[in-house]
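# Commentary on secondary and tertiary structure
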Amino acid sequence: MRPSVGIRDVARHAGVSNATVSNVLNRPDVVAPATRQRVLAVIEQLGFVRNESARQLRAGRSRVLAYVVLDAANPFFTDVARGVEDAAREAGFALFLCNSASDGGREREYLELLHEQRVEGILITPVDAESALLAERGTPVVLVDREASDGARCSVAVDDVLGGELAVTHLVENGHTRIAMIGGPLSIQQVRDRREGALRALTGAGLPADALTFLETRGLQVAEGRGAGERLAGLPASRRPTAAFCANDLLALGLLQSMTQQGLRVPDDLAVVGYDDIEFAAAAAVPLTSVRQPREELGRTAARLLLSENDADHEHRHVKFQPELVVRASTAVRRTT
């Protein structure tokens, strides 16, 4: 294996001191242009790469942010991560992505590792928002798609109660009085908030709470949506909901697949609303009505809050975005007679 090239090698080949090479790397403006160009040419010739880890260790700071996502298979988090990366790159930082896969143990392992690695800051959509590992341990932490209930750290989220209310209000206004909500597990705060919004919409329309049939799932994946569709199709037609609000678009896409397999038509037999408005929502066989979240802006805002943690006047704050209903073909007006 080719030995690594160090500052001393560059200095010897360029005929300058180690300090001059260091200045070219860190304070090029103090080096004479001709000397600077000679050193840079040697760096290129020898293939020198400076040891950034050692430099950061001496400085006591890192140029790396980390984002621990809840589910890397969910396009929602891919879009959020893109926003985080954009803000990080603008500020000259690299980004590490870690996938907890909704596993609390895996999340704890990543948090321990990131604290040990002394990353500049951690963004996280947590499995457990009350985890002791989220407490300040010298590394700033910002919650993404979660609200920090204690105000001890910054957070960004979307008003999911309002999002659930928008979805179900739309279905009620289209004439539906038997509505299913599909999502879970209820240990996920967003699912609880979206269900609260759904119930609020029923109350506002003068409908009883039991007009909402809640089908809890074990996760928020496409397969869980297909399973919920089978459960819905198995209900007697007289009791079967005529519309479904899904806690995310992956569930809704699975539900659409199941309806096709069961010979039921969307929206004629079942109107469907998703949540997140991922790219696949508009491209579904039946374009999906969905509650849109500003995914990339969520990520950018979270990263900027994290980068401001070391500012002398920094104050922890929570930023809450407003969701928007995007109506497509999967919901249709039902006219009462």
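A quick note: this is a predicted structure, and the numbers were derived from the prediction, not measured.

Reading guide: rules and limits
Residues numbered from 1 in each chain as written. Predicted model: local features only at pLDDT ≥ 70, side-chain atom pairs only at ≥ 80, totals over all residues. Heavy atoms only, no water. Helix = DSSP H or I, 4+ residues; strand = E, 2+ residues; numbered from the N terminus. Rg over C-alpha atoms; globule rule 2.2 N^0.38 Å. Buried < 20%, exposed > 50% of the residue type's maximum accessible area, 1.4 Å probe, protein only. Contact = heavy atoms within 4.5 Å. Areas by Shrake-Rupley, 256 points an atom, 1.4 Å probe, with all protein chains shown as cover. Lys, Arg positive; Asp, Glu negative; His and termini not counted. Charge placed at Lys NZ, Arg CZ, Asp CG, Glu CD. Domains from an automatic or database assignment. Buried area = accessible area lost by both parts, 1.4 Å probe. Salt bridge = Lys/Arg side-chain N within 4 Å of Asp/Glu carboxyl O. Polar contact = N/O pair within 3.5 Å; in protein donor to acceptor, adjacent residues only side chain to side chain. Core = buried A, V, L, I, M, F, W, Y, C linked by side-chain atoms within 4.5 Å. Pairing = 2+ DSSP bridges. Expected span 1.5 Å × (residues − 1). Axes fitted to C-alpha atoms, helices over the stretch in contact; angles between N-to-C directions. Parallel < 35°, antiparallel > 145°, perpendicular 65-115°, else oblique. Nonpolar A, V, L, I, M, F, W, Y, C, P; charged D, E, K, R; others polar.

We now examine the overall build of the protein chain. Secondary structure assignment for the protein chain yields 12 helices and 12 strands. Relative to the globule expectation of 20 Å for 337 residues, the C-alpha radius of gyration of the protein chain, 26 Å, shows a markedly less compact shape. Based on the C-alpha atoms only, the size of the protein chain along its principal axes is roughly 90 × 40 × 35 Å. When the 337 residues of the protein chain are sorted by exposure, 48% land in the buried category. At a minimum sequence separation of 6, the contacts of the protein chain that also span at least 24 residues come to 69%. When the accessible surface of the protein chain is split by element, carbon and sulfur atoms take 48% of a total near 16,500 Å². Across the protein chain, the 39 positively charged side chains and the 44 negatively charged ones have centroids separated by 5 Å.

One can read the domain layout of the protein chain as domain 1 (7–50), domain 2 (64–158 + 295–322) and domain 3 (160–293 + 325–331). Measuring from the centre of the C-alpha atoms in domain 2 to the corresponding centre in domain 3 gives 29 Å. Each partner contributes to the interface: domain 2 provides nine residues, whereas domain 3 provides 13 residues. Of the roughly 1,100 Å² buried where domain 2 meets domain 3, counting both sides, 46% is carbon and sulfur surface. Our enumeration of links across domain 2 and domain 3 arrives at zero salt bridges. Taken together, the links from domain 2 to domain 3 amount to six residue pairs in polar contact (both at pLDDT 80 or more).

Before going further, it helps to examine the pattern of salt bridges. The full count for this structure, using the stated rule, is 18 salt bridges. Between Arg-304 and Glu-90 there is a salt bridge whose closest N-O contact spans 3.7 Å. On the criterion of sequence distance, the pair formed by Arg-304 in helix H12 (residues 295–307) and Glu-90 in helix H5 (residues 75–90) is long-range, its members being 214 residues apart. When its relative accessible area of 42% is taken as the criterion, Arg-304 is described as partly exposed. On the basis of relative accessibility, which here comes to 60%, the residue Glu-90 falls in the exposed class. The salt bridge partner of Arg-300 is Glu-296, with a shortest N-O separation of 3.7 Å. With Arg-300 and Glu-296 both in helix H12, this residue pair falls four residues apart, about one helical turn. Classification of Glu-296 by relative accessible area gives partly exposed; the value is 28%.

Turning our eyes to something else, we now look at the nonpolar core. Ranked by size, the top nonpolar core spans 69 residues in total, and within it Tyr-67, Leu-123, Ile-182, Phe-245, Leu-255 and Val-272 carry the most contacts. Dropping the residues within four chain positions of it, Leu-123 is found in contact with Ala-66, Tyr-67, Val-68, Val-84, Val-142, Val-144, Ala-302, Ala-303 and Leu-306. Counting residues in each nonpolar core, the second largest holds 13 residues, with Ala-11, Val-24, Val-39 and Ile-43 among its members.

Okay, the pairing of strand S3 (residues 121–124) next. On S3, burial covers both faces: Gly-121 and Leu-123 on one face and Ile-122 and Ile-124 on the other are all buried. With four bridges joining them, strand S1 (residues 64–69) and S3 adopt parallel strand pairing. By the bridge assignment for S3, Val-68 is matched with Ile-124. Two strands pair when backbone bridges link them, and S3 and strand S4 (residues 141–144) are joined in this way by three bridges, in the parallel orientation. Paired with Leu-123 across the two strands is Val-142, which belongs to S4.

Turning to the environment of Val-21, a few remarks are in order. Within the element layout of this structure, Val-21 appears in helix H2 (residues 18–26). The class for Val-21 is buried, based on a relative accessible area of 0%. Val-21 sits 19 residues away from Leu-40 along the chain, and the two C-alpha atoms are 8.8 Å apart.

An ideal rise of 1.5 Å per residue puts 16 Å on 12 residues; helix H9 (residues 222–233) measures up with 17 Å between its terminal C-alpha atoms. When H9 is considered as a whole, its buried residues turn out to be Glu-224, Gly-225, Ala-228, Gly-229, Leu-232 and Ala-233. In this fold, the buried residues of H9 make contact with strand S6 (179–183), strand S7 (212–216) and helix H10 (249–261).

This paragraph deals with the packing of helix H1 (residues 7–14) against H2. Direction vectors running N to C along H1 and H2 enclose 105°, while the axes themselves pass 8 Å from each other. Taken together, the axes of H1 and H2 are roughly perpendicular relative to one another. Of the residues in H2, those in contact with Ile-7, Arg-8, Val-10 and Ala-11 of H1 are Asn-18, Val-21 and Leu-25. Looking at the contact of H1 with H2 residue by residue, the classes come out as five nonpolar, one polar and one charged.

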